[in-house]
Structure formats: structure tokens, C-alpha cells
Amino acid sequence: KQTIMKRTIRNIILAGLLVALVSSGCSKLIDDAYPNPNAAVRQPIEELMPGIIGNMVGSSAAAGSAYGVANDGLYIGRYVQFWATNTAGNQYDQMGGATQASDILGSVWAMHYFGMGQNLNRIVDWGTEEQKWDYVGAALAIRAWSMLTLTNVYGEAIVKEAFNTSALTFKYDDQPFIYDTVRAIARTAIAYLDRTDGNVSQQNLAKGDAYFYNGDVSKWKKFAYSIIARSFNQLSNKNTYNADSVVHYCDLGINSNSENATAKFANTGITGTSNFYGPFRSNVGALRQTAYVANLVTGKGSMFNGAYDPRAHYLLREDSTGEITGILPNRGTSSLPANKLPFGFWGRGFTLTAAPSSDAEARYIFKNGAEFPILTASEVKFMKAEALLRKGSRPQAQQAYREGIELSMNMLRTIYNESVPASKQITDQSITDYLANPAVVPAPQDLTLSHIMLQKYIALFGYGMIETWTDMRRFHYVDLDPQTGNQVYADFLLPIGLDMFINNNGKPVQRARPRYNSEYLYNVDELNRLGGLDLDYHTKEQWFSITE
């Protein structure tokens, strides 16, 4: 039985990764004269990899645009209250889902199946033929990351039948199977990345990997291990949850900022070479930070009471008086007095949405050439801290928690220091003072899930919307911390009444619907089986967050 199971898993992975071969009975002469326009054209895999990496954040193609986490992050960031729009009445500020023929919140779906899809499969197929095991391993690591991201956003998704080019409709697989498959793919990736035979070459891998890890196989392995850690950490509500598994893979994963998985940009003045959140791409002009995150970093909330975070002026923007403030979702200008409304992320006034001609006043990931983090050491440390706290290893949990905060601060001051006022820059002393504050780093016996999850929230601000949303859904947004009896996400308020989108029927959002311009055009029967045609489908709880 075990052998059959292994063979089944292997076949599933291969079915999702290998390109179907097209056979033809025509003569070679006719093939050469009239090539099939739909056939796979052999390309150097070194030239395929940059586009796949670009799809992780947000790239474009003739058939569509903005595939990647950054575009969907514009909306998911509103669910977790990273930001809201500067005007009232936006359904995503109200935790609404996509309606009618909209493709909003379909970018991760398109990223996985179209943007990466067969291109990634071809790297695996052709890389295997060419014995470029490092390319095969890196491609599989991306597939594992993409598949986990996919299921975190949409729940059930297509795995077994995903790349069957002879099919017109596709069966969805459930989340337990998808989680298992993610781990199987990640472990297979690591096995290939361990290989040094054949045509493995750091210099050659760097040709396709110039904007991620520059051909460093050891970092790709840490990325794959961190994906496995994520997959175990996200199942904290399950009776099969194993804190030791989380800790084990965290220790094998990304543990220093030099190992951070970040997508980088050439920033040549061409759209596809620029950060999706920079003014050149003009995608975040209407977004403004919320009161929730502003209160966390200024110490105005019930957690970290009075502790002013050194990261505040890196992550967020000041109002006209120089203070860090934030708005309420769906309230726009009515949130605060006019002089207390925060500037936009490009450094312009609250009501100004047009992109400036320069990014000189922008900061952090909102600059045209800024790196966009995909998975960082800080996140890994917070996953480890949570797991250690859950198993009762409090001193070790406190140490990992402390390291997570410090790694976050050092990443900001090393990579994102540009355009931050000199008086607001992070220093060794400001880090020391912040970590010495017992409101931030309490004694081991006083460390709580609230401490860990809220510091993780701050560390992932701006780029980690999907992971933060997954965390918040694990805690059902407003679950109580068993140690304190207060909300884990202290002070977080779900929309109610007119602030909750009408289709939600009073329930918070739990998932996005699959991309309209594929699934809702040809896969309707399968969607109907899942309830995908219901107006409140986006409020259906996902398996990973159900307590059992």
C-alpha cells in the first residue's frame, strides 16, 4: 500500500509538471513548412526563468496583465487592514468579494496556471533532458510556493488535472491533498537542488536567476524548506498539527536576511522591469494606511502600549503635521481631521492619487526599483516562535520572537533606508531600546500569541498580505488568546452594518473566488459543486482554518 501511495504521489507531481508531447503523422517536410502554431517552441530554459520569477510579484502578457501576488495584494491588504482606499464605499474595504464578470482577485490564479503554468513545466521537462538539475529544482520550488499561495487564496483548486491539454473542464482537489502535494513538490525540489552532477552550474543558473537568488542553490533549498515550514505552520487548528515539524523546517529554512527570497527589478523605465507598487506602475495611488497598523507601530493600541516602533517611518507615511496616523476602512476622509489624514505611499497628500513623475519621495517597497520580499527570515522566526510557544518551550520561543523583530528592522535599514528622514532612521540604539521594552519583549512566561502574531503582522506589512490573511483566518480574525482572554489580534475590528459588504450576509471574507475569465466561463459545473456560484461564496471557511 505504501509503495502504491508513493507511486500515486509521483504520478500526480509528474502530471502537473511535465508537458504533454504533441505527436503528428505528417511528414517532416510538411511540419517544417507549416509548423503548428500551438506546439511548444523549444526555448533556452535560461530565458524562461526570468518571466516566471517576474510572475511571482506581477508581470504582464499579451493575454492579460498583472499576474502575481502584488495585484491581488492590493485587495487582500484591505482585508487585513494594511491599507484602505482614500474614499468611502469600496467593497474590498468592506471585505467584499469579486462580483459579476470581474477578474479582481484572480491574479494569483492566473499566475499559477497561466503566467507560470506550462512555462514552468517546460523548465522541468527540458531541464531534465539537459541535466540542468539546478533549474529543475528551482522551478519545482517555485511551483510549491505558487501552489501553497494558490490554495491559501482560493481553497480548493485544480492539481491532478491542471495541465491536461486535452481537457476542457477540470476537477478541483481538496486542501488536504493540495497541502500534501505542496510538500511532495518542495521535497522533490530539494532533492534536485542537492544534485551536483550533469550540467549543474551556478554561473549558468544565475543567467535565469539574476533577479532572485543569482544562482545560489543553497538559498533555493532554504526557500523550499521555508515553504514546507509554512505549510505545517498554517495547520495550527488541526489535530494533526505538529509544532516540532514547524521548528524543524524553520531551522532548515531562511534564517538570515542574506537568504531572504526577494524579487528584484532592473528598473529600466519599462513597465515590466519596475516594482508593481512604485509610482511608475501607478497601482497604489488611492491606498492609505489604516489606523490599525498606525496604532500598532506608534504604541497607541492596547498591545505594545507606548512603544514607538523604529520601523514606523519606513513602513508608513506621516500626516501634514509629521505624525503617523491611519484611516478607518470604508470611511475615507471622514476618518480624521483634514490635517491628520496620512499622505499616500509615494509621499503625496491624502487626496492625491495620480502618480508623481519621480519616486524620490517614495519609501520601502513603494519605490520603482525596490526589492519585493516573497519569504523572509523574519517570517520564519515568527513561525518558529509560535510553534515553540504552542509546545511550551517559552525561553526558546522568546528568543525566536526577538530575532524575528531584529531581522525585520535590519532588513529595513539595510535595503529600504532610502528617502527615510535622517532623524527617523533605525539605529543600533533604537533597536536595543525597543527590544528592551517589556511591553514589546516580555519575560518568557509572559510571552503570548498576541505578541508573536502582531509583531509578525508589522514585519510582513506591505508584502506579506496573503500570509497575514492566512494567519488572521487561522485565528478567525477575532479569536481570543487563551493566555490573556483578549483578542489575539488585539483591537482588530471586523466591519459591521453598512461597513460590511452586502453579499457577505454579515460574515467575514474567507477566500477569493477563482478567476472569472477561465473558471466561470467553462468550469461552471465544478464551481457549482463547490458552491462557487453563491453570492457569499467568498465567506465560505477554508479547510485549513477549520478547528478539528
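It should be noted that the structure appears before, not after, this text.
Residues numbered from 1 in each chain as written. Predicted model: local features only at pLDDT ≥ 70, side-chain atom pairs only at ≥ 80, totals over all residues. Heavy atoms only, no water.

Next up on the list: the overall build of the chain. The secondary structure content of the chain amounts to 19 helices and six strands. Here the chain has a C-alpha radius of gyration of 23 Å; the compact-globule value for 548 residues is 24 Å, and the two agree. By principal-axis analysis of the C-alpha atoms, the chain measures approximately 75 × 45 × 45 Å. Out of the 548 residues in the chain, the part that is buried amounts to 58%. Sequence separation of at least 24 residues holds for 74% of the intrachain contacts in the chain that already meet a minimum separation of 6. Taking the average place of the 49 positive charges on the side chains of the chain and the average place of its 51 negative ones, the gap between the two points comes to 1 Å. (Helix = DSSP H or I, 4+ residues; strand = E, 2+ residues; numbered from the N terminus. Rg over C-alpha atoms; globule rule 2.2 N^0.38 Å. Buried < 20%, exposed > 50% of the residue type's maximum accessible area, 1.4 Å probe, protein only. Contact = heavy atoms within 4.5 Å. Lys, Arg positive; Asp, Glu negative; His and termini not counted. Charge placed at Lys NZ, Arg CZ, Asp CG, Glu CD.)

For the rest of this paragraph, the subject is helix α16 (residues 449–459). Of all 11 residues in α16, 11 are buried, a share of seventy percent or more. For α16, every residue scored as buried is listed here: L449, S450, H451, I452, M453, L454, Q455, K456, Y457, I458 and A459.

With that settled, the discussion passes to empty space enclosed by the protein. Any space left empty among the atoms is revealed by the rolling of a water-sized probe across them. For the structure shown, the criterion picks out three cavities of 30 Å³ or more. For the largest cavity, the calculated volume is near 150 Å³. In terms of lining residues, the largest cavity is bounded by 15 residues, among which R230, I374, Y463, I466 and E467 are the most central. Where the lining of the largest cavity is concerned, the elements lending two or more residues are α6 (133–154), β6 (372–375) and α17 (465–474). Partitioned by chemical class, the residues of the lining of the largest cavity number nine nonpolar, three polar and three charged. (1 Å grid on protein atoms, 1.4 Å probe; cavity = no way out; pocket = protein on both sides within 12 Å on 5 of 7 lines; lining within 4 Å. Points joined across faces, edges and corners; volume = space filled by probe spheres on them. Nonpolar A, V, L, I, M, F, W, Y, C, P; charged D, E, K, R; others polar.)

Across the interface, α6 lies against helix α9 (residues 217–233) with an axial gap of 10 Å and an inter-helix angle of 25 degrees. Here α6 lies roughly parallel to α9, going by the angle between them. The handedness of the crossing between α6 and α9 comes out as left-handed. Residues D134, A138, A141, I142, A144, W145 and L148 of α6 lie in contact with α9, whose contacting residues are V217, W220, F223, A224, I227, R230 and S231. Its residues assigned to classes, the contact of α6 with α9 shows 11 nonpolar, one polar and two charged. (Axes fitted to C-alpha atoms, helices over the stretch in contact; angles between N-to-C directions. Parallel < 35°, antiparallel > 145°, perpendicular 65-115°, else oblique. Left-handed = near helix turned anticlockwise from the far one by under 90°.)

Ranked by size, the top nonpolar core spans 165 residues in total, and within it W220, F223, Y277, F372, Y401 and Y489 carry the most contacts. Discounting chain neighbours no more than four positions away, the residues touching Y401 are F304, F382, A385, V440, V441, P442, L447, H451, I452 and Q455. (Core = buried A, V, L, I, M, F, W, Y, C linked by side-chain atoms within 4.5 Å.)

What follows deals with the layout of surface pockets. Taken as a whole, the largest pocket spans an internal volume of roughly 590 Å³. In this structure, the largest pocket is lined by 20 residues; those nearest its centre are Y113, F114, A162, F163 and Y522. Of all the elements in the fold, those that place two or more residues in the lining of the largest pocket are α5 (107–129) and α18 (516–522). The greatest single-element share of the lining of the largest pocket, amounting to seven residues, is contributed by α5. A per-class count over the lining of the largest pocket returns 12 nonpolar, six polar and two charged. The computed volume of the second largest pocket comes to approximately 410 Å³. Q81, L328, P329, D491 and L493 are, among the 22 residues lining the second largest pocket, the residues nearest its centre. Its residues assigned to classes, the lining of the second largest pocket shows 13 nonpolar, five polar and four charged.

This next bit is on the packing of aromatic side chains. The tally for this structure, following the rule as stated, stands at 37 aromatic pairs. Aromatic side chains F82 and Y457 sit 5.1 Å apart centroid to centroid with 80 degrees between the ring planes, which places their arrangement in the edge-to-face category. Linking F82 in the loop between α4 (69–79) and β3 (83–85) with Y457 in helix α16, this pair joins segments that are 375 residues apart in sequence. You'll find F82 and Y457 in the same group, each marked buried. Ring plane angle 55 degrees and centroid distance 4.9 Å describe the contact between F82 and F461, whose orientation is recorded as tilted. Of this pair, F82 sits in the loop between α4 and β3 while F461 sits in the loop between α16 and α17, and the two are 379 residues apart along the sequence. Of the two residues, F82 and F461, both sit in the buried class. We note R195 situated over the ring of W133; from NZ or CZ to the ring centre the distance is 3.9 Å. Positioned above the aromatic ring of W469, the side-chain terminus of R473 is 3.6 Å from the ring centre. (Phe/Tyr/Trp six-rings, centres within 6.5 Å; stacked < 30°, edge-to-face > 60°. Lys NZ or Arg CZ within 6 Å of the ring centre and 35° of its normal.)

Bear in mind that shape data such as this cannot, by itself, settle questions of function.
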